[in-house]
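A look at the structure
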Amino acid sequence: MTEFVIKIEDLCKSFGDHHVLDHFDLSLIRGENLVVLGKSGSGKSVLIKCIIGLIEPDHGKIQVLGQDILTLDQTDLDHIRVKVAFLFQSNALYDSMTVRENLEFPLRRHSFQLSAEEVDDMVMEALQNVGLEHTVDMMPAELSGGMRKRIALARTLILKPEIILYDEPTTGLDPITSVEIITLINKIQEKYKTSSMIITHDMKCVKMVAQRIAMLIDGKCYAIGTYDELSTSTDEKISAFFD
Amino acid sequence: MLVPKAGLKSFLNETGETFRFALRFFQQGFRPRYEVEEFVRQCFVIGYQSLPLVALTAFIIGLVLTMQLRPSMVNYGVEVQIPAMVGIAIVREIGPILTALIFAGKIGSSIGAELGSMKVTEQIDAMEVSGTNPFKYLVVTRTLAATMMLPILVILADAISLFGSYLAVNLYETLTFGLFFKKVFDNLAYIDVIPAFIKTFFFGFAVGIIGCYKGYHSKKGTEGVGLSANSSVVVSSVLIFIIDLIAVQIAELFQ
Ligand SMILES: Nc1ncnc2c1ncn2[C@@H]1O[C@H](COP(=O)(O)OP(=O)(O)O)[C@@H](O)[C@H]1O
Ligand SMILES: [Mg+2]
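Small disclaimer: the values here were computed from a predicted structure and weren't measured. (Residues numbered from 1 in each chain as written. Chains lettered and ligands numbered in written order. Predicted model: local features only at pLDDT ≥ 70, side-chain atom pairs only at ≥ 80, totals over all residues. Heavy atoms only, no water.)

Residues and elements named next belong to chain A. Neighbouring residues of ligand 1: Phe-15, His-18, Val-20, Lys-39, Ser-40, Gly-41, Ser-42, Gly-43, Lys-44, Ser-45 and Val-46. Contact with the protein chains hides 58% of the accessible area of ligand 1, taken as 560 Å² for the molecule alone. Residue assignment for the shell around ligand 1 shows that the elements contributing at least two residues are β2 (18-29) and α1 (44-51). For the shell around ligand 1, the element with the most residues is α1, which contributes 3 residues. Its residues assigned to classes, the shell around ligand 1 shows 3 nonpolar, 6 polar and 2 charged. (Near = heavy atom within 4 Å. Areas by Shrake-Rupley, 256 points an atom, 1.4 Å probe, with all protein chains shown as cover. Helix = DSSP H or I, 4+ residues; strand = E, 2+ residues; numbered from the N terminus. Nonpolar A, V, L, I, M, F, W, Y, C, P; charged D, E, K, R; others polar.)

Residue and element names in this part refer to chain A. Here Gln-211 lies in the loop between α7 (203-209) and β9 (212-217). Once the C-alpha coordinates of Gln-211 and Glu-32 are considered, the two residues, 179 residues apart in sequence, prove to be 6.6 Å apart. Ignoring sequence-local partners within four residues, the contact set of Gln-211 consists of Gly-31, Glu-32, Asn-33, Gln-189 and Thr-226. (Contact = heavy atoms within 4.5 Å.)

Let us look at the sheet that holds strand β3 (residues 33-37) of chain A. All names here are of chain A. Reading across the sheet, the 6 strands line up as β6-β7-β8-β3-β9-β10 and stay open at both edges, with mixed pairing between neighbours. Strand pairing shows two members of the sheet lacking a second neighbour, β6 (84-87) and β10 (220-225), which therefore form its edges. Direction aside, the axes of adjacent strands within the sheet are offset by 20 degrees on average. When β3 meets strand β8 (residues 195-200), the two strands line up parallel, connected through 5 bridges. Bridging across to β8, Leu-34 finds its partner in Met-197. Docked against the sheet, α1 engages β3, β6, β7 (163-167), β8 and β9, running at close to 155 degrees with respect to β7. Here helix α5 (residues 145-157) sits on the sheet and contacts β6 and β7; the angle it forms with β6, its principal contact strand, is near 170 degrees. (Pairing = 2+ DSSP bridges. Axes fitted to C-alpha atoms, helices over the stretch in contact; angles between N-to-C directions.)

This part covers the interface of chain A and chain B. Listed by partner, the interface residues are 23 residues for chain A and 14 residues for chain B. Taken together, both faces of the contact between chain A and chain B bury some 1600 Å²; the carbon and sulfur share is 55%. It is Arg-81, Tyr-94 and Arg-109 of chain A that lose the most area in chain A upon contact with chain B, and together they represent 30% of the buried surface on that side. Summed over the shared surface of chain A and chain B, the number is 2 salt bridges. Arg-109 of chain A serves as the salt-bridge partner of Glu-35 of chain B, at 2.7 Å between the closest nitrogen and oxygen. The tally of links from chain A across to chain B stands at 9 residue pairs in polar contact (both at pLDDT 80 or more). For the side of chain A that touches chain B, the secondary structure elements donating two or more residues are α2 (74-83), β6 and α3 (99-110) of chain A. It is α3 of chain A that provides the largest number of residues to the side of chain A that touches chain B, a total of 5 residues. Across the side of chain A that touches chain B, the residue classes break down as 14 nonpolar, 2 polar and 7 charged. (Buried area = accessible area lost by both parts, 1.4 Å probe. Salt bridge = Lys/Arg side-chain N within 4 Å of Asp/Glu carboxyl O. Polar contact = N/O pair within 3.5 Å; in protein donor to acceptor, adjacent residues only side chain to side chain.)

Set out below in structure tokens:
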């Protein structure tokens, strides 16, 4: 039986009279890598921010791990947010803190019972996952773009999330670094058995990670399928992405 | 007519939002988890950042005020009253308001810019989605630190100002340190000191909460950050004068 970890129904969001999301439906199955594909400005970030409760939709229903996040109070929402990690397009590293402090920040505020050594071990484990143990005492500003992305990924992993939402994980990176990040995404999914929703317009990324692809076009989930199914589609709006 | 009307509406809107933001401070600030470490760090940063400028200004004001008062006092033959007069002026008004305005310029803008840039680079959102409370970590600590540090700075500024005044008096005549301060304090009653001290907590709170509010609601882009820093200073300075005006009225009631 397929278990849905995220279930979005009839989601609508407008800014003024600009309908960004227009009756959008989508579900994320436990353990899968789902890519949401859409062109720049199509509302991908808005969608993913609705899921985590950063943007309040005008209409619709969003269930995350069986709970309707739009009706939760702050405490319950925070509980869900621990289980759902979010990788920002801009990384959003805390630039006044070292890498270690960045990783400790969520940890110290959720796992009070941890000793200093345990916190340290978890920080090092998260850094090991992304291969950047040596940067632990550096400031984010001293790191390259690819390294920053990996640290941001390590920070999302530190609370051992069940679901990871990636907002354009390869945008702005060079092709080689992009492949490294994609490989890392796959490795993490295998190791921790997370469910991932990856938002992108980078076709190389799509090809390497996607088990299913949802096309976000005109604010709707226009089509959904595997890479092979969609790449052979004769629909102009879909095939435009696969040229 | 359209522009002033729209302006008034957005002004009232903004005022309401600021009050709600301040209310949130009282709702969330006194419930665990307490961000003690960050609060202590902010106290240090805020005090350290503003102390040099506050000290320098206070010293010069004390010195200059005394020198400029002197000719008229001599004219009336009451130059012995200089310490008493300067003492009242500094402790009741000049010390608090001047320190608060410098504080607004220095700390208001730096809080506004810091939180503003955290907002536009999505760092505040990142705290939010990791299920931690950015309001507690950023706003409560900074506002509380500003509220606690400004009164301390004002006391220091008063002392430095009076010392400046003591030096200025001694440019013209010889007055011992002990006698100068005896003259100052003989003329100061609790009713002069206490209200002046209490209002500085409100000044500090105003600077902290406005800086945080402006930063927290910064518009996207680098321009937004500059705007946040700038309007923090403007709004908190105006608020300081308004609070001062109210404080004087209230103090009058007890006189
Ligand atoms: N806070 C906002 N206020 C107004 N418009 C917004 C806001 N956030 C996003 N939009 C608009 O929504 C549309 C989709 O944005 P976004 O989801 O960021 O696109 P992308 O698919 O590139 O991530 C854009 O046209 C953008 O202008
Ligand atoms: Mg985006």
